[in-house]
Amino acid sequence: VLDNNGTLEELQAQADALFERMRQFSANVQAGEPEPRTDAPVLADPAEHAWAADAARLCARIAAACGDRIIRAEHVGSTSVPGLPAKDIVDLQIEVDTLERVPGLLGPLAGAGFIQRPQIVTDTPHGDTDPALWRKSFFRHADPDRAVNLHVRESRGLGLAFARAFRDALRADETFRAEYLAEKRCLSEIHALDDTTEGYAAAKEVWFSRVAWPRVKSAVLAESVVD
């Protein structure tokens, strides 16, 4: 939506910016490469962003593109927790009955603006669990104006269940949410001079294993294939 309540010059500037966004979006899809990210892990104020609305729109786009080849698309991660400061990257997950469906999703997801990163094939396993239950396929955004991490995970897999249980625990438990925010702020300061978020993300896995996994383990195992 372009707001035309201002001057003609302001409207022209909006149109030019939108055209450039669309041009870069298209170029990324044509090249089969996501939009590069070279920024430090800065935590953004949720009041300044519409993460829930962005996620709802993107999930609807994914559902329209993929149809009955997927079970659902949903908002997970820090930006799915109201009021929680987070990196301005929307995490989404697609549930599929099997990862064997991924080759058939590559075209529809690319058309919707999500490019596979084939080198990423798993979440970090937690606890004494079967690593095969943490397999996934991973995609990133082609849109230069909306950063997205898109995780494709199997039904009844541990990665899918962990993402949901962790999100729900953060939403429900203010103390747990505050503890996670403190960890995020500490690590964002440590990695403030990084030119990517990879070091920050890797460092958080220690906290996930030490704190988050024990907190949500029972909920994860109840939803997954593990008894």
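Here, every reference points to the structure presented above.
Residues numbered from 1 in each chain as written. Predicted model: local features only at pLDDT ≥ 70, side-chain atom pairs only at ≥ 80, totals over all residues. Heavy atoms only, no water.

Participant: What exactly am I supposed to notice about the pattern of salt bridges here?
Facilitator: Between side chains of opposite charge, pairing is possible as soon as their charged atoms come close. Summed over all chains, the structure comprises 18 salt bridges. Here Arg153 ties to Asp123 by a salt bridge, and the two come within 2.8 Å at their closest N and O atoms. In this pair, Arg153 is assigned in strand β5 (residues 148–154) and Asp123 in the loop between β3 (114–116) and β4 (136–141), connecting sequence segments 30 residues apart. Residue Arg153 is classed as buried on the basis of its relative accessible area of 6%. When its relative accessible area of 12% is taken as the criterion, Asp123 is described as buried. Across the pair Arg167 and Asp168 runs a salt bridge whose closest N-O atoms are separated by 3.0 Å. (Salt bridge = Lys/Arg side-chain N within 4 Å of Asp/Glu carboxyl O. Helix = DSSP H or I, 4+ residues; strand = E, 2+ residues; numbered from the N terminus. Buried < 20%, exposed > 50% of the residue type's maximum accessible area, 1.4 Å probe, protein only.)

Participant: Mind showing me how you'd approach the sheet that holds strand β2 (residues 90–96) here?
Facilitator: Hydrogen bonds along the backbone pair up the strands of a sheet, which may run parallel or antiparallel. Overall, mixed pairing links the five strands, which are arranged β1-β2-β5-β4-β3 in an open sheet. What marks the edges here is a single partner per strand, and that holds for β1 (72–76) and β3. For this sheet the average axis-to-axis angle between neighbouring strands, irrespective of direction, equals 30°. Examined bridge by bridge, β1 and β2 share five bridges and lie antiparallel to one another. Looking at the pairing, Arg72 lines up with Glu95 of β2. (Pairing = 2+ DSSP bridges. Axes fitted to C-alpha atoms, helices over the stretch in contact; angles between N-to-C directions.)

Participant: Would you take a moment to explain helix α3 (residues 102–111) for this structure?
Facilitator: Because an α-helix completes one turn every 3.6 residues, residues spaced three or four positions apart along the sequence face the same direction. Every buried residue of α3 is listed here: Val102, Leu105, Pro108, Leu109 and Ala110. The secondary structure elements touched by the buried residues of α3 are α1 (8–31), α2 (51–66), β2, β3, β4 and β5. Just beyond α3, the residue with positive phi is Gly113, at close to 100°. (Contact = heavy atoms within 4.5 Å.)

Participant: Teacher, can you tell me more about the side chain of Glu74 here?
Facilitator: Within the secondary structure layout, Glu74 lies in strand β1. On the basis of relative accessibility, which here comes to 11%, the residue Glu74 falls in the buried class. Reaching out from Glu74, the side chain makes a polar contact with the side chain of Arg164 at a distance of 2.7 Å. Those residues within four positions of Glu74 in sequence are excluded, and the remaining contacts are Cys59, Asp91, Leu92, Gln93, Arg164 and Arg167. (Polar contact = N/O pair within 3.5 Å; in protein donor to acceptor, adjacent residues only side chain to side chain.)

Participant: Explain the side chain of Asp123 to me, please; I cannot follow it from the model alone.
Facilitator: Looking at Asp123, its side chain comes within polar contact range of the side chain of Lys136, at 2.8 Å. Excluding residues that lie within four positions of it along the chain, Asp123 makes contacts with Trp134, Lys136, Arg153 and Gly159.

Participant: Where do I start with the packing of helix α4 (residues 158–172) against helix α6 (residues 198–223) in this structure?
Facilitator: Two quantities define a packed helix pair, namely the angle between the helix axes and the distance between the axes. The N-to-C vectors of α4 and α6 enclose an angle of 105°; their axes lie 8 Å apart at closest approach. Here α4 is positioned roughly perpendicular relative to α6, judged by the angle of their axes. Between α4 and α6, the contacting residues are Leu158, Leu160, Ala161, Phe162, Arg164, Ala165, Phe166 and Ala169 on the first element and Trp207, Phe208, Ala212, Trp213, Arg215, Val216, Ala219, Val220, Leu221 and Glu223 on the second. Residues of the contact of α4 with α6, tallied by class, amount to 15 nonpolar, no polar and three charged. (Parallel < 35°, antiparallel > 145°, perpendicular 65-115°, else oblique. Nonpolar A, V, L, I, M, F, W, Y, C, P; charged D, E, K, R; others polar.)

Participant: When you look at helix α5 (residues 174–190) in this model, what are you seeing that I'm missing?
Facilitator: When the terminal C-alpha atoms of α5 are compared, their 24 Å separation across 17 residues agrees well with the 24 Å that a helix rising 1.5 Å per residue should span. Residues Phe176, Tyr180, Leu181, Glu183, Lys184, Leu187 and Ser188 constitute the buried set of α5. Projection of α5 onto a plane perpendicular to its axis shows the buried side chains occupying an angular sector of 165°, all on one side. Facing away from the buried surface of α5 by more than 90 degrees, the exposed residues are Glu174, Thr175, Glu189 and Ile190. By the N-cap criterion, in which a side-chain oxygen at the helix start approaches the backbone nitrogen of a residue two or three places on, α5 is capped by Asp173, the distance to Thr175 being 3.0 Å. (Expected span 1.5 Å × (residues − 1). Arc of directions from axis to C-beta.)

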